[in-house]
Amino acid sequence: MTLASSSSSSKSSKKQKRSQTTLNPLAAARPKSKSLESIWHVKSGYGYQLFVDYYYHQAPGIVSEAKCQCCVTFSRSDDGRAEADKAIKTTKPSAVSTFASSTAPGKGLSRASMRRKKRKGEAIDQVEVENKATAADVENDEQTNVASEASTSRTINARLLQYYQTAATSNCTCGFAAFIRTLTRPLPVTFRVRTHQLPTVRNQLLKQLQQSANTNANVSLTLPTTMSTSKLILFSVPDASLLKKPQYAPLAELLQQGTTNGTLARQETGSLLPVLAVRNYLEQQQSRQNIRRVLDLCSAPGSKTLQLVEWMTEIHEQQQQQQNHEPQPTIKPIVIRANDVNPRRLEELQDAILRSGVLSARGVNAAVKLKYTNQDASRYIDAKKKVFYDIILVDVPCSGDGTVRKDARVLPYWTPRTALGLHALQVKILTRSLHLLAVGGVAVYSTCSLNPVENEAVVAAAMGIINRRANESEIKSKGGGAGLAGDAKYRLVNVCVPEVILSEKCRRGILSWKVADYVASANVSSSDFDGDSDDQDTEKASLTWYETHDQARAAEMGGALPSMWPPARSDGDEPIPLDACLRLWPQDCDTGGFFVAMIERVK
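Residues numbered from 1 in each chain as written. Predicted model: local features only at pLDDT ≥ 70, side-chain atom pairs only at ≥ 80, totals over all residues. Heavy atoms only, no water.

**Q** Run through the side chain of Arg601, naming residues and quoting values.
**A** With respect to the helices, strands and loops of the structure, Arg601 is situated in strand 15 (residues 594–601). Of the polar contacts made by the side chain of Arg601, one reaches the backbone oxygen of Lys603; its length is 3.2 Å. (Helix = DSSP H or I, 4+ residues; strand = E, 2+ residues; numbered from the N terminus. Polar contact = N/O pair within 3.5 Å; in protein donor to acceptor, adjacent residues only side chain to side chain.)

See the structure below:
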């Protein structure tokens, strides 16, 4: 090989690596699944211990208020581990329980969903094998109130309890214990009744769902309050495995038909919050009539995009009704841009939109014009250059540790480095979205993560960057220089979702947090997989906490950025009101973990 060809090959390899990092930043931030350290990490179950250790030692308000010392009596006896490992090795693989498997395999799933299921199958099956191997022992020892709540409850993420539950914690009622116990129960399956359907169709479906809720004590139906302007209707089943039981066959068929014909959309409760929050805020401000352009910056897989389309359709209809009473020009459709960096995921989104029936094959109806763009969200540029948006959804790539009740792959691979690796990208994406806001516009930042490094830290960093640039621009403008953002100003607004039953239990953002790093030992070898090295687990991996960025830099912490820590206040500076943000704790309303922040451009 010549030097030129070698150089060309090297450049091509680097370009391909950068491309893969851009298309899937989460995969790039996670540990490599085939490395020796990663294999040991999963086999040892250390991801579970790191997760509990990290959130137990975090500041109050992140996942719970009250904690007691008994919650971290880490029970890792050699006999217990040996017995669990033996069960893991002798347990036969079994399929993951999903709504789709309650009927014919793959029935009711889109082509994109079936492809995702196939890709994830092997990895999830392996984790399920390990979880189910310990679930029986955990359930026999469990003496909490949760165990007697319902005969339908089953245990997931069993290693959380296996490693950390002791006689002391079995009866513990503190907030952190409730947090851990909730994560060992399956996530309820939630369906949203689509609002674009004809009233007769919706009423018929609502009647059938009401009958199911009256017949089956384990399912629930949430209706909008009389004061709510939203048409939101939620139907929830506590565990997807229930739908496989004969007595739930009629309900399973009803849900199957609803998802197939577009009357129902399966969407987790936390995922509903960003659109509900901005909707509630704009309705309170009476500014929804001014909405003309909307941007979903990280749109795939598309559940929030569909919410936006349905909501914008309602707004356009209201604008049309107002036009009937007041002479004015014909109202043009509201433009929604759905952007995603990954072209394959964007195709899956288009497929989901088409199947929903809310728009034509061209992405258009009388009220909404949906356009698709395939760009890096951190460098998004509109084709018309100077277009600004009234609403921007910023659901960034994140570690996803708020999804551990539905994604069996998260905990086995969990380390704080995933969040640390995504922080800079998240700041860039949110900052870029703020540049694209129109005056009076609102950006909604959200993650399905519990980690403050991905949540409050990102919001504080982006607010600091954007307002600093605005101030510098204002000074330049007064001095005759060229301004970047004029006299733009931004502020955090209080996130509130009063129309949802969980609103009263939503928690506020936090003002202080800690930063930890984790580096896998470089001394992991094949001997660590013999089953006799469990007593050395704590020597091979541990969290290192840093109070400040300077301390982390002195210790040569890789990838440490000042913005990962709580913002420092200078004399005269106003504090960033991070308590305006919203946190969703899993134990409060039997949901996943979620975070939402709203930023408005005021001038």
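**Q** Describe the sheet that holds strand 4 (residues 264–266), and please don't skip the residues or the numbers.
**A** Strand order across the open sheet formed by 4 strands is 2-3-1-4, with antiparallel pairing between neighbours. Because the sheet does not close on itself, it has two edges, and the strands there are strand 2 (220–222) and strand 4. Ignoring which end each strand starts from, the neighbouring axes of this sheet average 25 degrees apart. In this structure, strand 1 (residues 189–193) lies alongside strand 4, joined through 3 bridges in antiparallel fashion. Looking across to strand 4, one finds that Val193 is bridged to Leu264. (Pairing = 2+ DSSP bridges. Axes fitted to C-alpha atoms, helices over the stretch in contact; angles between N-to-C directions.)

**Q** Any chance you could break down the packing of helix 4 (residues 46–56) against helix 9 (residues 175–183) for me, citing the residues and the numbers?
**A** At a minimum axis separation of 11 Å, helix 4 and helix 9 run at an interaxial angle of 150 degrees. On the basis of the axis angle, helix 4 is roughly antiparallel to helix 9. Classified by chirality, the crossing of helix 9 by helix 4 is right-handed. Counted together, Phe51, Val52, Tyr55 and Tyr56 of helix 4 and Phe176, Phe179, Ile180 and Leu183 of helix 9 form the full contact between these two elements. Here the residues of the contact of helix 4 with helix 9 are counted per class, giving 8 nonpolar, no polar and no charged. (Parallel < 35°, antiparallel > 145°, perpendicular 65-115°, else oblique. Left-handed = near helix turned anticlockwise from the far one by under 90°. Contact = heavy atoms within 4.5 Å. Nonpolar A, V, L, I, M, F, W, Y, C, P; charged D, E, K, R; others polar.)

**Q** Could you give an account of the pattern of salt bridges, with specific residues and numbers?
**A** Summed over the entire model, instances satisfying the criterion amount to 17 salt bridges. Close ionic contact of Arg194 with Glu310 constitutes a salt bridge, the shortest N to O distance being 2.3 Å. With Arg194 in the loop between strand 1 and helix 10 (199–215) and Glu310 in helix 13 (residues 303–325), this residue pair connects regions lying 116 residues apart in the sequence. A single burial state applies to Arg194 and to Glu310, both of which are buried. Ionic pairing is found between Arg345 and Asp340, a salt bridge with its closest N-O pair at 3.8 Å. When salt bridges with common partners are traced through the structure, they connect Arg185, Arg405 and Asp590 into a single cluster. (Salt bridge = Lys/Arg side-chain N within 4 Å of Asp/Glu carboxyl O. Buried < 20%, exposed > 50% of the residue type's maximum accessible area, 1.4 Å probe, protein only.)

**Q** Go over the packing of aromatic side chains, please, and point to the residues and values.
**A** Here the distance between the centres and the angle between the planes together describe a pair of aromatic rings. In total, this model carries 11 aromatic pairs according to the counting rule given. Here the aromatic rings of Phe51 and Trp414 are separated by 5.7 Å at their centres, their planes lie at 90 degrees, and the arrangement is edge-to-face. Remark: Trp414 occurs in the loop between strand 8 (389–395) and helix 15 (417–435) and Phe51 occurs in helix 4; sequence separation between them is 363 residues. Here Phe51 and Trp414 have matching classes, each one buried. Judged by centre distance (6.4 Å) and plane angle (70 degrees), the ring pair of Tyr55 and Phe179 falls under edge-to-face. One end of the pair, Tyr55, is in helix 4; the other, Phe179, is in helix 9, and 124 residues separate them in sequence. Taken together through their ring pairs, the aromatic side chains of Phe51, Tyr54, Tyr55, Tyr56, Phe176, Phe179, Trp414 and Trp545 make up a single cluster. A cation over a ring is seen here: Lys514 above Trp545, with NZ or CZ 6.0 Å from the ring centre. Just above the ring of Phe388 sits the side chain of Arg601; from NZ or CZ to the centre is 5.9 Å. (Phe/Tyr/Trp six-rings, centres within 6.5 Å; stacked < 30°, edge-to-face > 60°. Lys NZ or Arg CZ within 6 Å of the ring centre and 35° of its normal.)

**Q** Describe the nonpolar core, listing the residues and the values that go with them.
**A** Counting 73 residues, the largest nonpolar core has Phe51, Tyr55, Phe176, Tyr445, Val459 and Leu492 as the members making the most contacts within it. Here Tyr55 is in contact with Ile62, Val63, Lys67, Phe176, Asp401, Trp414, Leu450 and Asn451, once residues within four sequence places are set aside. Core analysis: the next-biggest nonpolar cluster, separate from the first, contains 42 residues, Tyr281, Val309, Ala338 and Val368 among them. (Core = buried A, V, L, I, M, F, W, Y, C linked by side-chain atoms within 4.5 Å.)

**Q** I'd like a description of the confidence of the model for the chain, backed by residues and values.
**A** Put simply, the chain has an average pLDDT of 76, and 67% of its residues get 70 or more. pLDDT under 50 marks residues 531–539. Its contacts with residues more than four places away, or in other chains, come to 12 contacts. (pLDDT = per-residue confidence, 0-100.)

**Q** Describe unusual backbone geometry, naming the residues involved and giving the relevant values.
**A** Following Ala300, the chain continues to Pro301 via a peptide bond in cis, the omega torsion being 5 degrees. Here Pro301 shows up in the loop between strand 5 (293–296) and helix 13. Here the phi dihedral of Asn157 falls at roughly 45 degrees; this positive angle occurs in a residue that is not glycine. Along the polypeptide, Asn157 turns up in the loop between helix 6 (111–141) and helix 7 (158–164). For Asp590, which is not a glycine, the phi torsion comes out positive at approximately 55 degrees. The residue Asp590 is located in the loop between helix 19 (586–589) and strand 15 in this model. For Asp590, a relative accessible area of 31% translates into the label partly exposed.

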